[in-house]
Amino acid sequence: MKLLVTGGAGFIGANFIHHILRKYPDYRVVNLDALTYAGNLENLKMWENDARYRFVKGDIADPGVIEPLVAACDIVVHFAAESHVDRSILDPGAFIRTNVQGTQVLLEAAKQHNKRFHHVSTDEVFGALGPDDAPFDERTPYDPRSPYSASKAASDHLVRAYFHTYGLPITISNCSNNYGPYHFPEKLIPLAITNLLAGKNVPVYGDGRQVRDWLYVADHCQAIDLIIHQGTIGETYCVGGNSERENIWIVKQLLTLLGKDESAIEYVQDRAGHDRRYAIDFSKIKDELGWQPEVTLEEGLQKTVDWFKENEPWWKNVKSGDYQEYYARQYDKR
Ligand code: NAD
Ligand code: DAU
């Protein structure tokens, strides 16, 4: 099988390529990535001399780059996106261009060559839950509330439109918050770990009592693996970790794992339009494909802390350059 993975130099895409190349010795992967601030070829260095792996630098919104790559693959697994909610508040335009227009360009090429297409999406398209609301599932109406989630919702709708209108063989997964190796340290867990390792404080938005459902990234990769091989064409699968926690719980757990005290917690101004709670009912993928998370949150956080401790050059390098400018815009105004 030949996979065209978009966004494979990012966090989840890189973990997915590791998963595929390790598990399927006869599979080939082409990784198409524009190498934005979030793309990092260090994440895949171990495969650079492996004949089964090829990297192509390119933009998913460029039809000339996309068309021959889509023509040559068996399936497109589409991760490429602008992925950070805070950046979408600062600069929504980039999110529309990549997440909406880029996805449509890819879909058009997939239609032209009638290729299988898997779209990696998010639980944020469903909006925000109150404390007593039932978790999101595949029937939950869309109600995106940030520029990021609105752009992902638009891309999901386009993917489904290509199935209904043109019969394109698609699947979609809507997943909760991932964490693990190669996680870009602008997101809560890697930001907290790397700040603490560097002797800095952890910025906690608002009262810190927002709830996210956390999933170790390897479990997400296994869910996508099952969907691309056994999922029903045209269907959506919700993927979650069964691990709802308040942000402040996560931060305190990381303080404990890193031997720090609560003086490192710094409450800062809340995120604009901050969604209060996400939660996922993953019964469909459990019942139909036999998937469920394997790594508990406690195990996953320990593994993640260990990975960041062992890979200091990786995150120190990532935290230079554009990151500093973003971080200053994000926090210094407070
Ligand atoms: P990421 O920001 O770490 O990586 C995104 C990758 O896409 C980067 O390598 C970047 O260079 C590349 N990219 C961006 N614009 C591009 C373009 N125009 N053309 C080609 N490549 C481009 O993101 P991530 O956290 O790995 O998320 C991957 C996907 O999974 C996204 O679609 C995201 O919406 C979705 N998702 C993420 C999470 C999560 O918790 N991180 C949860 C559910 C779904
Ligand atoms: O739910 C899936 C989504 O999870 C993905 O679609 C997104 O791509 C991914 O970025 C993630 O979005 P969140 O906004 O939930 O993740 P983030 O790590 O940015 O924030 C997690 C929670 O922590 C959120 O409630 C905001 C809060 N937070 C975040 C940062 C960066 C803080 O309190 N302090 C911080 O410094």
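These numbers were taken from a predicted model, which means no experiment stands behind them.

Restricting attention to buried positions, one finds in helix α2 (residues 63–71) the residues Ile66, Leu69 and Val70. Relative to the axis of α2, the buried residues are bounded by an arc of 95 degrees and lie together on one face. The residue sitting at the N-terminus of α2 and contributing the capping side-chain oxygen is Asp62; that oxygen lies 3.1 Å from the backbone nitrogen of Gly64.

What follows concerns the packing of helix α6 (residues 188–197) against helix α10 (residues 297–310). Following both chains from N to C, one finds α6 and α10 inclined at 50 degrees, their axes separated by 10 Å at the closest point. In this view, α6 runs oblique relative to α10, as classed from their interaxial angle. α6 and α10 meet at a crossing whose hand is right-handed. Between α6, through Ile189, Pro190, Ile193, Thr194 and Leu197, and α10, the contact on the second element is made entirely by Leu301, Thr304, Val305, Phe308 and Lys309. Split by residue class, the contact of α6 with α10 holds 7 nonpolar, 2 polar and 1 charged.

This part covers the site of ligand 1. Near ligand 1 you find 28 residues, and of these Ile12, Asp33, Ser83, Tyr148 and Lys152 are the closest. A distance of 2.8 Å separates an oxygen atom of ligand 1 from a polar backbone atom of Ile12. Within the backbone of Asn178, an N or O atom sits 2.9 Å from an oxygen atom of ligand 1. Top contributing element to the shell around ligand 1 by residue count: strand β5 (residues 116–122), with 3 residues. Partitioned by chemical class, the residues of the shell around ligand 1 number 13 nonpolar, 12 polar and 3 charged.

Attention now goes to the sheet that holds β5. Strand order in the open sheet made by the 7 strands is β3-β2-β1-β4-β5-β6-β10, with parallel pairing throughout. Since the sheet does not close on itself, it has two edges, and those belong to β3 (53–57) and β10 (236–239), each with one partner. On average, adjacent strands in this sheet sit at an angle of 20 degrees to one another, irrespective of strand direction. The pairing of strand β4 (residues 75–78) with β5 spans 4 bridges and is parallel. The residue bridging Val76 from the neighbouring strand is Phe117, located in β5. Running at roughly 155 degrees to β5, helix α5 (residues 147–166) makes contact with β5, β6 (170–175) and β10 of the sheet.

So, on to the site of ligand 2. Of all residues adjacent to ligand 2, which total 24 residues, the nearest are Thr122, Asp123, Tyr148, Arg271 and His274. Side-chain polar atom of Thr122 to an oxygen atom of ligand 2: 2.7 Å apart, as the coordinates give it. In the model, an oxygen atom of ligand 2 is placed 2.6 Å from a nitrogen or oxygen of the Tyr148 side chain. The fraction of the free accessible surface of ligand 2 (690 Å²) that becomes covered by protein chains is 94%. Looking at the shell around ligand 2, the elements that each hand over two or more residues are α6 and β8 (202–205).

Turning to the domain arrangement of the protein chain, a few remarks are in order. Under the domain assignment used here, the protein chain contains domain 1 (2–178 + 217–239) and domain 2 (181–211 + 244–276 + 295–328). Put simply, the middle of domain 1 and the middle of domain 2, counted by C-alpha atoms, are 25 Å apart. Across the domain 1 to domain 2 interface the summed buried area is about 1800 Å²; carbon plus sulfur atoms make up 49%. Here domain 1 and domain 2 share 3 salt bridges between them. A salt bridge links Asp275 to Arg145; its shortest N-O distance comes to 2.5 Å. Here domain 1 and domain 2 share 11 residue pairs in polar contact (both at pLDDT 80 or more) between them. Where the side of domain 1 that touches domain 2 is concerned, the elements lending two or more residues are α1 (11–23), α3 (85–90) and α7 (217–230).

In this section: the pattern of salt bridges. Pairing of side chains with opposite charge becomes possible as their charged atoms draw close. On inspection of all chains with the given rule, the structure shows 17 salt bridges. Residue Asp207 is joined to Arg276 by a salt bridge in which the shortest nitrogen-to-oxygen separation is 2.8 Å. Here Arg276 lies in the loop between β12 (265–268) and α9 (283–289) and Asp207 lies in the loop between β8 and β9 (211–216), a separation of 69 residues in the sequence. Here Glu235 makes a salt bridge to Lys284, at a shortest N to O gap of 2.5 Å. Separated by 49 residues along the polypeptide, Glu235 in the loop between α7 and β10 and Lys284 in helix α9 bring together distant segments of the chain. In this structure Glu235 comes out as partly exposed when scored by relative accessible area, which is 29%. Since its relative accessible area comes to 17%, Lys284 is described here as buried. Each of Arg87, Glu186 and Lys187 takes part in a single network of salt bridges with overlapping partners.

A word on the sheet that holds strand β11 (residues 244–246). On the basis of which strands lie adjacent, the open sheet formed by 3 strands has the order β7-β9-β11 and mixed pairing. For this open sheet the edge positions go to β7 (177–179) and β11, each flanked by a neighbour on one side alone. When the angles between neighbouring strand axes are averaged without regard to direction, this sheet yields 50 degrees. In the sheet, β7 pairs with β9 via 3 bridges, with the strands oriented parallel. Along β9, the bridge assignment pairs Asn178 with Leu215. Of the strands in this sheet, β7 and β9 are in contact with α7, which crosses β9 at around 70 degrees.

What counts and how
Residues numbered from 1 in each chain as written. Chains lettered and ligands numbered in written order. Predicted model: local features only at pLDDT ≥ 70, side-chain atom pairs only at ≥ 80, totals over all residues. Heavy atoms only, no water. Buried < 20%, exposed > 50% of the residue type's maximum accessible area, 1.4 Å probe, protein only. Helix = DSSP H or I, 4+ residues; strand = E, 2+ residues; numbered from the N terminus. Arc of directions from axis to C-beta. Polar contact = N/O pair within 3.5 Å; in protein donor to acceptor, adjacent residues only side chain to side chain. Axes fitted to C-alpha atoms, helices over the stretch in contact; angles between N-to-C directions. Parallel < 35°, antiparallel > 145°, perpendicular 65-115°, else oblique. Left-handed = near helix turned anticlockwise from the far one by under 90°. Contact = heavy atoms within 4.5 Å. Nonpolar A, V, L, I, M, F, W, Y, C, P; charged D, E, K, R; others polar. Near = heavy atom within 4 Å. Pairing = 2+ DSSP bridges. Areas by Shrake-Rupley, 256 points an atom, 1.4 Å probe, with all protein chains shown as cover. Domains from an automatic or database assignment. Buried area = accessible area lost by both parts, 1.4 Å probe. Salt bridge = Lys/Arg side-chain N within 4 Å of Asp/Glu carboxyl O.

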